[in-house]
Amino acid sequence: MGAFDAKGGLASVIGSASTSVAGAAGETTHAVAGIPTVIMADGPAGLRLSVNYYEDTKGVHSYGPAMPETLLEFMPKIMSLFMGGTPKLPKGAELKEQYCTALPVGTALAQSWNEAFAETCGDVVGSEMEWFGVHLWLAPALNIHRSPLCGRNFEYYSEDPLIAGRFASALTQGVQLHKGCGVTIKHYAANNQETNRYFSNSVVSERAMREIYLKGFEICIRRAHPAAVMTSYNLLNGTHTSENRALCTDILRSEFKFDGVCMTDWVVNGLAPAAGSKYTVPDPAKVAAAGGDLFMPGSKKDFKNLLQGLKGGKVSKKQVQINAQHVKAVAMKLAGNKRLCGCSRRGLIHNAKIPSDGVSEST
């Protein structure tokens, strides 16, 4: 589980589930001695942190609405109530500011046909991750453009998995030039719509999965070795991608040789499907059994469900230990050593070239 607010709820899904960096999307648990906390910030076009924040004895806190006002009007009313509004600044608190670089969105990067430029953009992100103390960037996203109606097409690169894989690789390489900085490629996989995003079912053949929807992920993993992979909200042939062992273990780890952390997208605690829906929300125990290492952002209820799953045989203790080892390895790699402050960080521009490793990129 992530380092969760015991209350969970909608407010932790978008914006600020982290208490270490204002506006960061989440972090791993503080509860295990000897394992450092991994702080995660969202994308897609650069780091997404809170502009205004304040600090107290409990940590840092975003100040202002969790979502821009221009987006709140498009959200369901109950979501806008949680995400909108600015609370009163606590007495004696000092309001502070922080700013990140706005970079071109994924589609614009791909239209440049310039992988070196994409790598430079990743380099800028990595530099700012060092500056702000972020370890994992929850980007890039490389799903396939299938319909112009998909609400997050701007994050993705192309309808061509080769282009998607190559540009995700370049951005990954740029970020991971920086010690202690990693990316999270997403949304794995066959995520093609935002309508009914939590319970839509992508029905895909084996050939289409291999040639279209998985190819970009394979290219990026083999070429650039991202630190993390995030599963998608949608179901794949009737099973949540996060609960799909063939996807998260057999293909991702055994075939693609991925050795990082596999996490869920931010699951809303208390979310319920529409009346009569044949699908349920992801089960933390089933996610762990499939090879999912982190259930994000996590809640007390999710933790209890995992323990019940262990007791009831949904997931084995051995599998949970394997998952925990993946989290530990990435935490030690990214956050195990104290990084230099921003004034001592590496330069923004590097000219490293992504090496070819012989992966077949024919689609």
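Let me begin by describing the structure that accompanies this report. Quantities reported herein were computed from a predicted structural model and do not represent experimental measurements.

Reading the values: rules and limits
Residues numbered from 1 in each chain as written. Predicted model: local features only at pLDDT ≥ 70, side-chain atom pairs only at ≥ 80, totals over all residues. Heavy atoms only, no water. Axes fitted to C-alpha atoms, helices over the stretch in contact; angles between N-to-C directions. Helix = DSSP H or I, 4+ residues; strand = E, 2+ residues; numbered from the N terminus. Left-handed = near helix turned anticlockwise from the far one by under 90°. Contact = heavy atoms within 4.5 Å. 1 Å grid on protein atoms, 1.4 Å probe; cavity = no way out; pocket = protein on both sides within 12 Å on 5 of 7 lines; lining within 4 Å. Points joined across faces, edges and corners; volume = space filled by probe spheres on them. Nonpolar A, V, L, I, M, F, W, Y, C, P; charged D, E, K, R; others polar. Pairing = 2+ DSSP bridges. Core = buried A, V, L, I, M, F, W, Y, C linked by side-chain atoms within 4.5 Å. Buried < 20%, exposed > 50% of the residue type's maximum accessible area, 1.4 Å probe, protein only.

This brings us to the packing of helix α5 (residues 161-175) against helix α7 (residues 215-224). Relative to each other, α5 and α7 sit at 35 degrees, their axes nearing to 8 Å. Crossing hand, α5 versus α7: right-handed. Residues Pro 161, Leu 162, Gly 165, Arg 166, Ala 168, Ser 169, Thr 172 and Gln 173 of α5 pack against Lys 215, Gly 216, Ile 219, Cys 220, Arg 223 and Ala 224 of α7.

Before going further, it helps to spend a moment on the layout of surface pockets. Roughly 660 Å³ of internal volume is contained in the second largest pocket. Forming the walls of the second largest pocket are 26 residues, and the residues nearest its centre are Met 1, Thr 29, Asp 293, Leu 306 and Ala 324. For the lining of the second largest pocket, the secondary structure elements donating two or more residues are α9 (284-290), α10 (300-312) and α11 (317-335). Considering every element that reaches the lining of the second largest pocket, the biggest residue donor is α11, with six residues. Each residue belonging to the lining of the second largest pocket can be placed in one class, and the counts come to 18 nonpolar, six polar and two charged.

What follows deals with the sheet that holds strand β9 (residues 228-231). To summarise the sheet geometry, strands pair through backbone hydrogen bonds and adopt either a parallel or an antiparallel arrangement. Taken in spatial order, the six strands of this open sheet run β1-β2-β6-β7-β9-β12, and their pairing is mixed. Each edge of the sheet is formed by a strand with only one pairing partner; in this case those strands are β1 (26-27) and β12 (261-263). Across three bridges, β9 lies against β12 in parallel orientation. Each residue of the ladder has a partner; that of Met 230, found in β12, is Met 263.

This part covers the nonpolar core. As a rule of thumb, soluble globular proteins bury nonpolar side chains together. With 51 residues, the main nonpolar core has Met 129, Trp 137, Tyr 157, Ile 185, Tyr 188, Met 209 and Leu 214 as its most contacted residues. Put simply, the parts of the chain that give this core at least two residues each are β2 (39-42), α3 (106-111), α4 (115-132), α5, β7 (182-188), α6 (206-213), α7 and α8 (245-255). With seven residues, the single largest contributor to this core is α5. When residues no more than four places from it in sequence are discounted, the contact partners of Met 209 are Ala 189, Ala 190, Val 204, Leu 214, Lys 215, Leu 236 and Leu 247. Counting residues in hydrophobic clusters, the runner-up holds 23 residues, among them Leu 138, Met 263, Val 327 and Val 330.

So, about unusual backbone geometry. Pro 44 follows Gly 43 through a cis peptide bond whose omega is 10 degrees. Mapped onto the secondary structure, Pro 44 falls in the loop between β2 and β3 (52-56). Omega for the peptide link from Met 296 to Pro 297 comes to -5 degrees, which places this bond in the cis form. Residue position: Pro 297 is located in the loop between α9 and α10. Residues other than glycine seldom take positive phi values, yet Ala 190 does so here, at roughly 60 degrees. Relative to the helices and strands, Ala 190 resides in the loop between β7 and β8 (201-202). At His 225, a residue that is not glycine, the phi angle is positive and equals roughly 55 degrees. Position of His 225 relative to the elements: it lies in the loop between α7 and β9.

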